[in-house]
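# Inside the fold
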Amino acid sequence: MTLQIAYSPCPNDTFVFDAWAHGRVPGAPAIDVTFADIDITNGMAERGEFDVLKVSYAVLPWVLDEYTLLPCGGALGRGCGPLVLTREPGVDLTGKTVAVPSERSTAYLLFRLWAADMVPGGVGEVVVMPFHEIMPAVRDGKVDAGLVIHEARFTYQNYGLHCLADMGEHWETTTGLPIPLGAIIAKRSLGEETLRLLAASARTSVRMAWDDPVASRPYVLEHAQEMDPAVADQHIGLYVNEFTSDLGEDGYAAVRGLLTRAAAEGLVPPLGRDALSFV
């Protein structure tokens, strides 16, 4: 049986899944890979497409009836949160227009939780636009601020922009927990035995990448969208860590904490008590 899997072309995902995608993980099921950005895979999950998907933790409340969260393979971390960028430093966002890459994203939830604490007057219009258009839109004055993720942490200065606030820093300061970003989910209908095999395969693939990072380099750079290799390495260093190998107690606490706070703000449906339990 070949399983249909979708994940992003970002360096952290290709690094994690390289060994598995190329048949080097002993005993792992064969996978047919589709590349799609996370806002696309979020929609795929909501429609029940694909057996295995990399999605934002923010979409879990809508999909956990059909999918289960794997305890490994995803992205959590510290010092790697989304940023709010502006043309000038110290802008008051009250009533201002903010561009975001998606409203079904951890970045968006972190932004709304930050704004609830730090912008008491409330931000103005929230505009969804493709990720690659956000920094130019802020630079050109089309929007007052932009919420950015991933490699934009390393490149926003090239657009002459300023970091108004680090959403991850706010989250970590207020909770002490890592930032839950991307999750690996699989269809519950695959059955417990297959789901456990999927988790074991993802964990082994991560560890093989760590043991021999050179092996994954061609796959990473092939799909890195002309990203500088040094930036790709920084990207992997931020988003592939001990939580990728195993969510652990802190990882699960971070996920539940984010979704519980977001539900309290009316941003997502509330989670069931056992919603995050694996098989």
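Throughout what follows, the structure given in this document is the object of discussion. Predicted model, so just to flag it, every value in this text is computed and none were measured.

Thresholds applied
The residue numbering used here restarts from 1 in each chain and proceeds along that chain's sequence as written. The model is predicted, so local features are restricted to residues of pLDDT at least 70 and side-chain atom pairs to those at 80 or more, both for listing and for counting; the totals for chains, interfaces and linings are taken over all residues. Side-chain measures were taken over the full set of non-hydrogen atoms in the model, leaving aside hydrogen atoms and water. Here the nonpolar core consists of buried residues drawn from Ala, Val, Leu, Ile, Met, Phe, Trp, Tyr and Cys, with membership extended through side-chain atoms lying within 4.5 Å. Buried, partly exposed and exposed residues are distinguished by accessible area as a fraction of the type maximum, computed with a 1.4 Å probe on protein chains only: under 20%, between the cut-offs, and over 50%, respectively. Secondary structure elements are defined from DSSP: runs of H or I of at least 4 residues count as helices, runs of E of at least 2 residues count as strands, and each element is numbered from the N terminus. Expected helix span is given by 1.5 Å per residue-to-residue step, counting one fewer step than there are residues. Working rule for contacts: check all heavy atoms of both residues, and any pair within 4.5 Å makes them a contact. Put simply, the grid is 1 Å and covers the protein atoms alone, a cavity is a trapped set of points that fit a 1.4 Å probe, a pocket is an open set with protein on both sides within 12 Å along at least five of seven lines, and lining residues have an atom within 4 Å of a point. Grid points are joined across faces, edges and corners, and a volume is the space filled by probe spheres set on the points. In the scheme used here, Gly and all other residues not listed as nonpolar or charged are polar, with Ala, Val, Leu, Ile, Met, Phe, Trp, Tyr, Cys and Pro taken as nonpolar and Asp, Glu, Lys and Arg as charged. Aromatic rings from Phe, Tyr and Trp, taking only the six-membered ring of Trp, are treated as a pair when their centres fall within 6.5 Å; an angle between ring planes under 30 degrees marks them as stacked, one over 60 as edge-to-face, and anything in between as tilted. At least two bridges found by DSSP between two strands are what make those strands a pair. Every axis in this analysis is a line fitted to C-alpha atoms, fitted for helices over the stretch in contact. Angles between the N-to-C directions lie between 0 and 180 degrees. Any angle that falls under 35 degrees is termed roughly parallel, while one over 145 is termed roughly antiparallel, one within 65 to 115 roughly perpendicular, and all others oblique. Crossings are assigned a handedness: left-handed for a near helix turned anticlockwise from the far helix by less than a right angle, right-handed for a clockwise turn.

### What to know about the nonpolar core
Counting 56 residues, the largest nonpolar core has Leu-53, Leu-60, Leu-93 and Phe-111 as the members making the most contacts within it. The biggest single contributor to this core is helix H4 (residues 106–118), with eight residues. Judged by nonpolar contacts, the second largest core, of 31 residues, contains Ile-5, Val-25, Val-220 and Ala-232.

### Examining helix H12 (residues 248–264)
Relative to the 24 Å expected for 17 residues at 1.5 Å per residue, H12 spans 24 Å between its end C-alpha atoms, a close match to the ideal helical length. What H12 keeps buried is the set Gly-251, Ala-254, Val-255, Gly-257, Leu-258, Leu-259 and Ala-262. On the buried face of H12, the contacting elements are helix H3 (60–63), strand S5 (75–77), H4, helix H7 (167–175), strand S11 (179–187) and helix H11 (242–245). Where H12 ends, the next residue or the one after it, Gly-266, has phi of about 75 degrees, a positive value.

### Quick notes on the layout of surface pockets
A volume near 920 Å³ is recorded for the largest pocket. Cys-10, Phe-131, Ile-149, His-150 and Glu-151 are the residues nearest the centre of the largest pocket, which is lined by 42 residues in total. Of all elements in the fold, only helix H1 (11–21), helix H2 (38–46), strand S3 (52–56), H4, helix H5 (131–139), helix H6 (152–155), S11 and helix H10 (229–239) reach the threshold of two or more residues within the lining of the largest pocket. Residue composition of the lining of the largest pocket, grouped by class: 22 nonpolar, 13 polar and seven charged.

### A closer look at the packing of aromatic side chains
Taken as a whole, this structure holds five aromatic pairs when the rule is applied. Relative to Phe-35, the ring of Tyr-7 has its centre 5.5 Å away and its plane inclined at 90 degrees; by these criteria the two rings are edge-to-face. On the criterion of sequence distance, the pair formed by Tyr-7 in strand S1 (residues 2–7) and Phe-35 in strand S2 (residues 30–35) is long-range, its members being 28 residues apart. By relative accessible area, Phe-35 is classed as partly exposed at 29%. Between Phe-17 and Trp-20, the aromatic rings sit 6.0 Å apart at their centres with planes inclined by 35 degrees, giving tilted as the arrangement. Of the two residues, Phe-17 and Trp-20 are both situated in helix H1; the distance of three residues between them amounts to about one turn of the helix. Exposure class is identical for Phe-17 and Trp-20. Each is buried. Members of the aromatic cluster, each reached through a chain of ring pairs, are Tyr-7, Phe-17, Trp-20, Phe-35 and Tyr-219.

### Notes on the sheet that holds strand S8 (residues 126–128)
Read from one edge of the open sheet, five strands run S8-S7-S9-S6-S10, paired in mixed fashion. In this open sheet, the two strands that pair with only one neighbour each are S8 and strand S10 (162–166). Between one strand axis and the next, the sheet turns through 30 degrees on average, direction left out of account. Strand direction decides the pairing type here: strand S6 (residues 83–86) and S10, joined by four bridges, are antiparallel. What sits directly across from Thr-86, in S10, is His-162.

### Re the packing of H4 against H7
In contact at an axis separation of 9 Å, H4 and H7 are set at 70 degrees when each is read in the N-to-C sense. Here H4 is positioned roughly perpendicular relative to H7, judged by the angle of their axes. The handedness of the crossing between H4 and H7 comes out as left-handed. For the pair H4 and H7, the contacting residues are Leu-110, Phe-111, Leu-113, Trp-114, Asp-117 and Met-118 in the first and Met-167, His-170 and Trp-171 in the second. Partitioning the contact of H4 with H7 into residue classes produces seven nonpolar, one polar and one charged.

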